[in-house]
Amino acid sequence: MSIRLPDGRGGLRTYEPRSEPLTVHTGAPLTSRTVFSAAHVVADPYADTTPDSPAAVDWDATLAFRRHLWSHGLGVAEAMDTAQRGMGLDWAGAAELIRRSAAEARSVGGRIACGVGTDQIAGGSLAEIRSAYEEQLAVVEESGAQAILMASRALAATAQGPEDYLEIYGHLLRQAAEPVVLHWLGPMFDPALEGYWGSSDLDAATEVFLEVIAAHPDKVDGIKVSLLDAQREIDLRRRLPHGVRCYTGDDFNYPELIAGDDQGFSHALLGIFDPLGPLAAEAVRVLDTGDVRGFRELLDPTVELSRHLFQAPTRFYKTGVVFLAWLAGHQSHFTMVGGLQSARSLPHFARAYELADGLGLFPDPKLAEERMRSLLAVYGVDQ
């Protein structure tokens, strides 16, 4: 049966849903690349909340989704941007998420790394920012997870120049018990991070970023770069000290960056690998055999969906991620913490459904179609 979808121009178009999903399998651990999926949180739809209330999380469904990712051999990047840090999930909720997910990872043997930021404060002095980072770093280390030092809105607002970033990050790296991942999140993901590393000139900012790493290479496992600029990432990873990994966070260009070239490659820490998890793992297993062409044949067709979900305003990509999780049957509803399900339009959802269905991402295409029809009905679209 066909389904009528909004065409974005005020009309409707006919789409023929796929009848069978893409066949993917759980399998051997990934070997050629380290791959993390930044995972979303599932809201509690029965909680009586408002958009500015503390997040009400459905812990069972949230942890079940992480087990789904681990079952395919992916690592989980927890309490990151994809989990709505600073966009519905406050530090208290993130701390509980970290503790619960880290415990779940231990129980199933899953790999986990968790975000460390300063979102328990809105601003403050450098000393207060350092203290906030330290508090969160302690929570992550006590949980047994690897730490990801996230960019700080408070530091972006307070720092007077590169020297303040060098001081804060140097202190944290000296203090960290184990090597961490440094996260450079561009302003397209969070406008409050404009000018991070002390300059809006990305070339100048890159030099400061590399200076931080060069001063503490033994404490930096890797860097996650989310600038949506493939060539800049390639240039940066070629300048990293030996042993420091580059984890691509480029949701526009990830196949070519993970495949790499004769001078190196990127590992992955991606929000798009939340909806693409099983397919992404399958592709990397193909790459593990040395079959770059087969890897690209699996992953290249997903880029159109990723670019659609991450289109400007990019920070609202989480809405599409959760929408697809609902259609795929990973949760029973389409609500989000902070009411963020309202952040994208019906035509946006319709195109996301069409692209994901075309890729065979829905384990039960009929369920996805029924849920899409129910959403269309809420918006007044008659079939």
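Predicted, not measured: the structure shown is a model, and the values here were computed from it.

Thresholds, definitions, all that
Residues numbered from 1 in each chain as written. Predicted model: local features only at pLDDT ≥ 70, side-chain atom pairs only at ≥ 80, totals over all residues. Heavy atoms only, no water. Helix = DSSP H or I, 4+ residues; strand = E, 2+ residues; numbered from the N terminus. Rg over C-alpha atoms; globule rule 2.2 N^0.38 Å. Buried < 20%, exposed > 50% of the residue type's maximum accessible area, 1.4 Å probe, protein only. Contact = heavy atoms within 4.5 Å. Areas by Shrake-Rupley, 256 points an atom, 1.4 Å probe, with all protein chains shown as cover. Lys, Arg positive; Asp, Glu negative; His and termini not counted. Charge placed at Lys NZ, Arg CZ, Asp CG, Glu CD. Expected span 1.5 Å × (residues − 1). Salt bridge = Lys/Arg side-chain N within 4 Å of Asp/Glu carboxyl O. Right-handed = clockwise from strand over helix to strand, strands pointing away. Pairing = 2+ DSSP bridges.

Draft legend 1. A look at the overall build of the protein. When helices and strands are tallied, the protein shows 14 helices and 10 strands. Relative to the 2.2 N^0.38 estimate, which gives 21 Å for 383 residues, the radius of gyration of the protein is 20 Å and therefore close to what a compact globule would have. Taking the principal axes of its C-alpha atoms as reference, the protein extends roughly 60 × 50 × 45 Å. Considering the protein as a whole, with its 383 residues, one finds that 56% of them fall into the buried category. In the protein, the proportion of contacts linking residues at least 24 apart, taken out of those at least 6 apart, comes to 70%. Of the roughly 15100 Å² of accessible surface on the protein, a fraction of 49% belongs to carbon and sulfur atoms. Each charge sign in the protein was given a centre, from 33 positive and 52 negative side chains, and these centres are 3 Å apart.

Draft legend 2. Looking closely at helix α14 (residues 365-378). Across its 14 residues, α14 extends 20 Å between first and last C-alpha, which sits within 8% of the 20 Å expected from 1.5 Å per residue. For α14, the secondary structure elements touched by its buried residues are β1 (3-6), α12 (317-327) and α13 (346-359). Where α14 ends, the next residue or the one after it, glycine 380, has phi of about 90 degrees, a positive value.

Draft legend 3. Molecular detail of α12. With 11 of 11 residues buried, α12 lies mostly within the body of the structure. Among all positions of α12, only Tyr317, Lys318, Thr319, Gly320, Val321, Val322, Phe323, Leu324, Ala325, Trp326 and Leu327 are buried. In this structure, the buried side of α12 is in contact with α11 (303-309), α13 and α14. Backbone geometry just after α12 places glycine 329 at a positive phi near 90 degrees.

Draft legend 4. Expanded view of the pattern of salt bridges. Tallying each qualifying case throughout the model produces 20 salt bridges. For the salt bridge of glutamate 167 with arginine 130, the shortest nitrogen-to-oxygen distance reads 3.4 Å. Of the two residues, glutamate 167 is situated in helix α5 (residues 162-175) and arginine 130 in helix α3 (residues 126-143); the sequence distance between them amounts to 37 residues. For arginine 351, the salt bridge identified is with glutamate 304, shortest N-O distance 2.7 Å. Of this pair, arginine 351 sits in helix α13 while glutamate 304 is found in helix α11, placing the two residues 47 residues apart along the sequence.

Draft legend 5. Expanded view of the pairing of strand β6 (residues 146-149). Of the two faces of β6, the one carrying Gln146 and Ile148 and the one carrying Ala147 and Leu149 are both buried. The β-α-β motif built from strand β5 (residues 112-116), the intervening α3 and the parallel element β6 has right-handed crossover chirality. As paired elements, β6 and strand β7 (residues 180-185) share two bridges and run parallel to each other. Following the sheet pairing, isoleucine 148 is matched in β7 by valine 181.

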